[in-house]
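Residue-level structural notes
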Amino acid sequence: MTSANGECPRVIRVLVADDQEAVRRGVRRILDAQPDIEVVGEAVDGVAALELAAQLRPDVALVDIRMPRLDGLEVTRRLSGSVRVVVLTTFDLDEYVYPALRHGASGFLLKRSGPALLAEAVRAAADGESLISPSVTVRLLQHVTAPRRPARPAAAGVAVPLTEREVEIAGHVAAGRTNADIAAELFISAGTVKTHVASIQRKLGVPNRVGIAVHAWEMGYPVPR
């Protein structure tokens, strides 16, 4: 099937890595029902996930945080930069979630998340965005990063690497807002927001928007509600 302009619509290719067959089967059923998503492979452990990722070159990998032979944290670290990873976890405060984000995960989901959120996470990762929703991800980021957050955004005399506008945008990213949302809120173009986000990532040395969100929470930047 082709789109109105004659081009074939993009199909997002997904690898599912989880040691539970029931989980893999459920995820496949949900995603294969989407017209723009296709599950191209299933891995039963972390080593198999890396092997299949190298063979199949998926756009997105859904990776369980706890797997035999190689856990999701190490899989995320090794795949970061070549495949966008969305981490799946059972518990709200899984102790591996924070390191997974630091290792380049594009987001994470609770396994009990509904079909719509699962598909949204895949699409967001494929688009270079991150699933940082107020109802799920931001709440977890607050818990995970709270012990590291200073009392003030920055101590006197300490240089802040971001401009005032970049700090503002980082706060909006931490609130789970897309470039379009931020552009509408700040009365600037989505292209300008994209440029700022790229600059923030470069200055902070983080691979994606989740890294920006973690930094914003750690530094105590204002995060809109």
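Anything mentioned here points back to the structure above.
Residues numbered from 1 in each chain as written. Predicted model: local features only at pLDDT ≥ 70, side-chain atom pairs only at ≥ 80, totals over all residues. Heavy atoms only, no water.

Things to note about the sheet that holds strand E1 (residues 12-17)
How we decide: At least two DSSP bridges between two strands are required for those strands to pair. Per the convention used, a helix needs a DSSP run of H or I reaching at least four residues, while a strand needs a run of E reaching at least two, with both numbered from the N terminus. For helices, the fitted line uses only the C-alpha atoms of the stretch in contact; every axis is such a line through C-alpha atoms, and the angle between N-to-C directions lies from 0 to 180 degrees. A contact between two residues is defined here by any heavy atoms of the two lying within 4.5 Å.
Strand order in the open sheet made by the 5 strands is E2-E1-E3-E4-E5, with parallel pairing throughout. Of all the strands in the sheet, the pair left with one neighbour each is strand E2 (37-43) and strand E5 (107-110). Neighbour to neighbour, the strand axes of the sheet diverge by 25 degrees on average, direction disregarded. Across 4 bridges, strand E4 (residues 84-89) lies against E5 in parallel orientation. Within E5, the position partnered with Val 86 by the bridge is Gly 107. On top of the sheet, helix H2 (residues 46-56) reaches E1 and E2; it is set at about 135 degrees to E2, its chief contact. Contacting E1, E2, strand E3 (60-64), E4 and E5, helix H5 (residues 115-126) crosses the sheet at an angle of about 130 degrees to E3.

Things to note about the pattern of salt bridges
Stated precisely, the cut-off is as follows: The rule for a salt bridge is simple: a side-chain nitrogen of Lys or Arg has to be within 4 Å of a carboxyl oxygen of Asp or Glu. The rule is simple: take the accessible area with a 1.4 Å probe, protein chains only, and divide by the maximum for that residue type; under 20% is buried, over 50% is exposed, in between is partly exposed.
In this structure the tally under the stated criterion is 13 salt bridges. Between Glu 74 and Arg 78 there is a salt bridge, and its shortest N-O distance comes to 2.8 Å. Separated by 4 residues within a single helix, Glu 74 and Arg 78 lie in helix H3 (residues 72-79), roughly one turn from each other. On the accessibility criterion, Arg 78 (47% relative accessible area) is partly exposed. Each member of the salt-bridge network shares a partner with another, and the members are Arg 24, Arg 28, Asp 32 and Glu 42.

With respect to the packing of helix H7 (residues 164-174) against helix H9 (residues 190-204)
Between two packed helices, what matters for the description is the angle formed by their axes and the separation of those axes. Worth spelling out the cut-off: Roughly parallel means an angle under 35 degrees; roughly antiparallel means over 145; roughly perpendicular covers 65 to 115; every other angle is labelled oblique. The residue classification treats Ala, Val, Leu, Ile, Met, Phe, Trp, Tyr, Cys and Pro as nonpolar and Asp, Glu, Lys and Arg as charged. All others, Gly included, are polar.
Between H7 and H9, the shortest axis-to-axis distance is 10 Å and the interhelical angle comes to 95 degrees. Overall, the two elements H7 and H9 adopt an arrangement that is roughly perpendicular. For the pair formed by H7 and H9, the contact residues are Arg 165, Glu 166, Ile 169, Ala 170 and Val 173 on the first element and His 196, Val 197, Ser 199, Ile 200 and Lys 203 on the second. Of the residues contributing to the contact of H7 with H9, the split by class is 5 nonpolar, 2 polar and 3 charged.

What to know about the environment of Val 83
Among the structural elements, Val 83 can be located in the loop between H3 and E4. With relative accessibility at 8%, the residue Val 83 sits in the buried group. Put simply, Val 83 and Leu 15 are 68 residues apart on the chain and 9.7 Å apart in space, counted from C-alpha to C-alpha. The contacts of Val 83, once residues within four sequence positions are left out, are Pro 58, Asp 59, Val 60 and Ala 61.

Re H5
Each full turn of the α-helix corresponds to 3.6 residues, which orients residues three or four apart in the same direction. The line we're drawing: Multiplying 1.5 Å by the helix residue count minus one yields the expected span of that helix.
Between its first and last C-alpha atoms H5 spans 17 Å; for 12 residues at 1.5 Å apiece the expected length is 16 Å, and the two agree. Every buried residue of H5 is accounted for by Leu 117, Leu 118, Ala 119, Ala 121, Val 122, Ala 124 and Ala 125. The secondary structure elements touched by the buried residues of H5 are E1, helix H1 (21-32), E2, E3, E4 and E5. Of the residues trailing H5, Gly 128 is marked for its positive phi of about 80 degrees.

Considerations on unusual backbone geometry
Located in the positive-phi region is Arg 57, a residue other than glycine, with phi close to 50 degrees. Following the sequence through the fold, Arg 57 ends up in the loop between H2 and E3. Within the chain, Arg 69 stands out as a residue other than glycine whose phi angle is a positive 65 degrees. Structurally, Arg 69 is set in the loop between E3 and H3.

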